[in-house]
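# Report on the structure
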Amino acid sequence: MSTFEIAGDDFLLDGRPHRILSGAIHYFRVHPDDWADRIRKARLMGLNTVETYVPWNAHEPRPGEWIADGALDLGRFLRTVHAEGMHAIVRPGPYICAEWDNGGLPAWLFTDPSVGIRRSEPSFLEAVTAFMERVLAIVRPLQVTEGGPVLLVQVENEYGAYGDDKAYLRHLVEVFRSAGITVPLTTVDQPEPAMLENGSLPGLLKTASFGSRSRERLATLREHQPTGPLMCSEFWDGWFDHWGAHHHTTSVEQSAADLDELLSLGASVNIYMFHGGTNFGFTNGANDKGVYQPIVTSYDYDAPLDEAGEPTEKFWAFREVIAKYAPVPAEEPVVAAAAPAFAVPFSAAIPLFSVAPKLGEWQHTDDLPTFDELGHYAGFGLYRTEIDTTEPAVLEFGEVRDRAYVFVGSTRVGVLARDHHDSAITLSPSRGTLTVLVEDQGRVDYGPRIGEPKGLIGPVRLNGDSLRRWSVLPLRLPSLEAVRAELDASGPVVEQEPERLAGPVFARATFDLDGQATLFLDTTGWGKGVAWFNGFNLGRYWTRGPQETLHVPAPVTRTGRNELVILELESAADAVAAFVSEPRLGHTDY
């Protein structure tokens, strides 16, 4: 067991001054069997600490439903950090931002409009207390004072950019201390005077988040905290990407110079990100500052380790900088060989609409419900009603969140996209079933639109008349068993030459591998959809880019027969699944 405390302007580990050299690795964005590899590479770059957020919505997808095993085994992750001889920082939120769906806040919190998010409102305090007590029960025995790796625990996250409810912050501190957290507690805010003042309390160590102008930003932090160790808790070394935009990178030389300046001033640091990983499944967030911008599946972040965990130029540049201030291991990480490249045809396909009734239950209502009102918080849903018009008619929605494929009978008549501010479509004279397939493309993770419901937002009108008598089917896709059964019963996709896949359709390809291997699935020949590898949801793809491949972690693959299933929403040019030798994230933007 060790002691860790703050004295004067220093962190003291076992009574001696200690500089924290940390890097962010989000356990929930990395396959658990890859945790040890990524953590070891952090040590080999010269870091002594690993930092992680904790995503409330992943751990508690429904009230009282608690998940802390598998990919969400925070305890295993922290023990893996400890086994590598490193320390840890835990940032449990409750709000994490992190370009993560809803900023980590559970969507079910927002279904009751009386709940006051991130403030001293009784219902929210009850929910956040229960969450924190569960998380802190995992963290408490893993503190350095108990023989574990955890040095610091953060209270809230960039709260000064959101509010100034000091009573709320004091409540969180009481919860942390009552749960047995004895290590120092921190807060983080951008180095803006109002944010630093609003986002913290006396007795909590203020830290800052920035990626450049280190001297200036640390000076601002010192003005608002005369004593205590200086620390940048988020040293931004890259950035995230939106669908339809460029892949963002930062200059290796400039990032290294900014890190050098930060360390030369004696500050501690947490590099955000050391390794970004992947927004697997439906976990990506979104931004909306007048235009809705969903975040891509890759969270590569232009970090020292790329999305697949391989060292980049930034790794070696940062390693050289760190070596000026701390010992760096002589051992270097092994660079993996290129991934296998091959292509296989899809061997079976089944229309989404034919299998949809086996993926959920139809619910019938006069009024138009949102996904959230049905307890459906991610993915897709179907809306249906009957229409009868003898003339061209305008179909108008209050709002689409976030992308709607409109069908009359079996014919697709158009697409409504939130990022284009679409809310209406003109229909030909039509009689029959109107079906709208809606995709939740990711919940806003920052700003005033956080927590908004998904699906179709009413009213819905046809030539000004309200449409009622809706049937709604939330598509539950945690398992592909029903889809597999239908694919097993379907005929072959092709007999001779590959042909186009017309969506919405599930398609499957099977193939053999000689052994487990990291793969990169080429999605450039497809339209828009989701891919599963051996039942593991790799995430979304979109021809819009910039991301052009999906990362398949080696632990997901297996020796012998493997299975790829895609849900293609639009159209795939070829009924072929191709794998390439390296990731492709598209054009860069310096």
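One can find the structure itself at the top, above this paragraph.
Residues numbered from 1 in each chain as written. Predicted model: local features only at pLDDT ≥ 70, side-chain atom pairs only at ≥ 80, totals over all residues. Heavy atoms only, no water.

The next point concerns the packing of helix 4 (residues 122–139) against helix 5 (residues 166–178). For the pair helix 4 and helix 5, interaxial distance at closest approach is 10 Å and the crossing angle is 30°. At the point where helix 4 passes helix 5, the crossing takes the right-handed sense. Across the interface between the two elements, Phe 124, Leu 125, Val 128, Thr 129, Met 132, Glu 133 and Leu 136 of helix 4 pack against Tyr 168, His 171, Leu 172, Val 175 and Phe 176 of helix 5. Its residues placed into classes, the contact of helix 4 with helix 5 shows 9 nonpolar, 2 polar and 1 charged. (Axes fitted to C-alpha atoms, helices over the stretch in contact; angles between N-to-C directions. Helix = DSSP H or I, 4+ residues; strand = E, 2+ residues; numbered from the N terminus. Left-handed = near helix turned anticlockwise from the far one by under 90°. Contact = heavy atoms within 4.5 Å. Nonpolar A, V, L, I, M, F, W, Y, C, P; charged D, E, K, R; others polar.)

Time to look at the sheet that holds strand 2 (residues 10–13). With antiparallel pairing, the 3 strands of this open sheet are ordered in space as 1-2-3. The open sheet has two edge strands, strand 1 (4–7) and strand 3 (16–18), and neither has a second partner. Averaged over all neighbouring strand pairs, the angle between strand axes comes to 45°, with direction disregarded. Two elements, strand 2 and strand 3, share 3 bridges in a ladder whose sense is antiparallel. Bridge assignment links Leu 13 to a residue of strand 3, and that residue is Arg 16. (Pairing = 2+ DSSP bridges.)

Quick look at the layout of surface pockets now. Volume-wise, the largest pocket comes out at about 1200 Å³. Together, 40 residues line the largest pocket, and Ala 58, Pro 61, Phe 282, Thr 283 and Ala 378 are the ones closest to its centre. Sorting the residues of the lining of the largest pocket by element identifies helix 2 (56–59) and strand 31 (536–542) as the ones contributing at least two each. When its volume is computed, the second largest pocket comes out at roughly 800 Å³. Along the walls of the second largest pocket sit 36 residues, with Asp 300, Asp 306, Glu 310, Thr 312 and Pro 583 positioned nearest its centre. For the lining of the second largest pocket, the secondary-structure elements that each account for two or more residues are helix 1 (35–44), helix 8 (252–264) and helix 9 (313–322). A breakdown of the residues in the lining of the second largest pocket according to their chemical character gives 13 nonpolar, 9 polar and 14 charged. (1 Å grid on protein atoms, 1.4 Å probe; cavity = no way out; pocket = protein on both sides within 12 Å on 5 of 7 lines; lining within 4 Å. Points joined across faces, edges and corners; volume = space filled by probe spheres on them.)

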